[in-house]
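Tertiary structure, described
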Amino acid sequence: MTPLRRLLLVPLVAALTALGGVAVTSSPAAAATNSFRGVNWAVLGDNFSTGPLVISGLSSSDSYATVQAKANALYDDMATIGVNTVRLPINTHTVGTAWWSAYRGAIDAATARGFKVILAYWEDGAASGGRITNTAAWNTMWSNVTYLYGANTNVYFEPMNEPHGYTSAEWRNVAAAWMSYHYSAVPARTLIGGTGYSQDLRDVCNDSRFSGTLLSFHHYAFFYTAMTYDAWRTHVQTRLGNCASRAVVTEFGAPMSTGLNYADAASTDNFVRHIRAVTQVMRDNQMGGTYWPAIGGKPTGTSGYDYYSMFALSGSGTNLNLTVRNTSGKDRLRYGWGL
């Protein structure tokens, strides 16, 4: 998710989150996902791309060893706030290419230190409207990924990020077909996104085909009108349905460069209320989450960075460093993780 899409797509949410009929229900798994203490590492610009995904801090000319060294430098700094999970984007123009051979250094560096890695597919360009643009290429991509990482217990697979171009029934059929086709992706390490922009888990939760999977949930304040803190908590909890125990909040975020105080329980700022509510629901339900973004994302104005980004990136070569933009935001994230 990027600020540009935050501004443009709000009016579409109601139309794109229509619920389809759910024929079969199942009891949610009894578990907790708060072992996922993570962040999103994104492209500076947009993960929705018709080219290779070169995430922030990397260069398309980097070798595998250079990517690995850069990633380790960043993971060292991420780990200081409690991060043990990174969500990374993939697409059909990345996997199987020369860049993929280098990009894998970011995945391998994470798993080697015991981090969890969530590999999530972004459709090929935002203009695709939240639908898979080339199903054959998508399946080839995932076959490559699951062949390489299906046996790695630290790697998790998210078939599609924000599948908002499908009705509920369509998306659930697409996801179920993916699971049948990619049998190397065991359900317990698969995250199925909610309907629409992944902001409603209820239909997916109640579909027995996904009873053994984890679920990917997104929630942002900009999609909705301003609410009180209590109303935000109710809103988030409602859309989790009965499946909070299997859900990971793979995207949520708010401005981290404008001086907001996320420690202020009496704040009247809508972003503060929202982040406090999301992280409270996470803590109450022992849910994990990956903040959007650590670095990368759509630059805000002329700043050169996404003002939601948790970290400021500095350094050169493989000597990269991350600095927290907002201490109260970082502390509230840790609170949501249960730390």
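These figures come from a predicted structure and were not determined experimentally.

Observations concerning the packing of aromatic side chains
One pass over the structure, following the stated rule, counts 20 aromatic pairs. When the ring of Y121 is compared with that of W138, the centres are 6.3 Å apart and the planes differ by 55°; the resulting orientation is tilted. Pair noted here: Y121 is in strand 3 (residues 116–121) and W138 is in helix 5 (residues 135–149), with a separation of 17 residues, a long-range link. In this pair, the class of Y121 matches that of W138, namely buried. Centroid distance Y197 to F223: 5.2 Å. Interplanar angle 45°. Geometry classified as tilted. Highlighted residues: Y197 in helix 7 (residues 195–198) and F223 in the loop between strand 6 (214–218) and helix 9 (229–240), separated in sequence by 26 residues. For Y197, a relative accessible area of 1% puts it in the buried group.

Some words on the state of the cysteines
For the coordinates displayed, the defined rule picks out 1 disulfide. Disulfide pairing is shown between C205 and C243; the S-S distance is 1.9 Å. The sign of the 80° torsion about the S-S bond sets the C205-C243 disulfide as right-handed. A residue pair is termed long-range when its members are at least 10 positions apart, and C205 in helix 8 (residues 202–205) and C243 in the loop between helix 9 and strand 7 (247–251) qualify at 38 residues.

Thoughts on the environment of G45
Note that G45 resides in the loop between strand 1 (37–44) and helix 3 (64–79). For the pair G45 and A102, spaced 57 residues apart in the sequence, the C-alpha separation amounts to 20 Å.

Observations concerning the nonpolar core
With 95 residues, the main nonpolar core has W41, Y75, L88 and I90 as its most contacted residues. Excluding its chain neighbours within four sequence positions, the residues that come into contact with W41 are I55, S56, L58, A71, L74, Y75, V86, R87, L88, P89, A106 and I295. F36, Y156, L214 and V248 belong to the second largest nonpolar core, which has 6 residues in total.

Side note on the pattern of salt bridges
Evaluation of the coordinates by the stated rule reveals 10 salt bridges. The closest approach of N and O atoms between R209 and D207, which form a salt bridge, is 2.7 Å. On the accessibility criterion, D207 (5% relative accessible area) is buried.

What about helix 10 (residues 270–285)?
When the terminal C-alpha atoms of helix 10 are compared, their 22 Å separation across 16 residues agrees well with the 22 Å that a helix rising 1.5 Å per residue should span. In this fold, the buried residues of helix 10 make contact with helix 9, strand 7, strand 8 (288–297) and helix 11 (327–337). Measuring from the backbone nitrogen of F271 back to the side-chain oxygen at the start of helix 10 gives 2.9 Å, which picks out D269 as the cap. Q286 sits one or two positions beyond helix 10 and adopts a positive phi of about 55°.

Conventions adopted
Residues numbered from 1 in each chain as written. Predicted model: local features only at pLDDT ≥ 70, side-chain atom pairs only at ≥ 80, totals over all residues. Heavy atoms only, no water. Phe/Tyr/Trp six-rings, centres within 6.5 Å; stacked < 30°, edge-to-face > 60°. Helix = DSSP H or I, 4+ residues; strand = E, 2+ residues; numbered from the N terminus. Buried < 20%, exposed > 50% of the residue type's maximum accessible area, 1.4 Å probe, protein only. Disulfide = S-S within 2.5 Å. Core = buried A, V, L, I, M, F, W, Y, C linked by side-chain atoms within 4.5 Å. Contact = heavy atoms within 4.5 Å. Salt bridge = Lys/Arg side-chain N within 4 Å of Asp/Glu carboxyl O. Expected span 1.5 Å × (residues − 1). Polar contact = N/O pair within 3.5 Å; in protein donor to acceptor, adjacent residues only side chain to side chain.

Take it as geometry only, folks, not as evidence of what the structure does.
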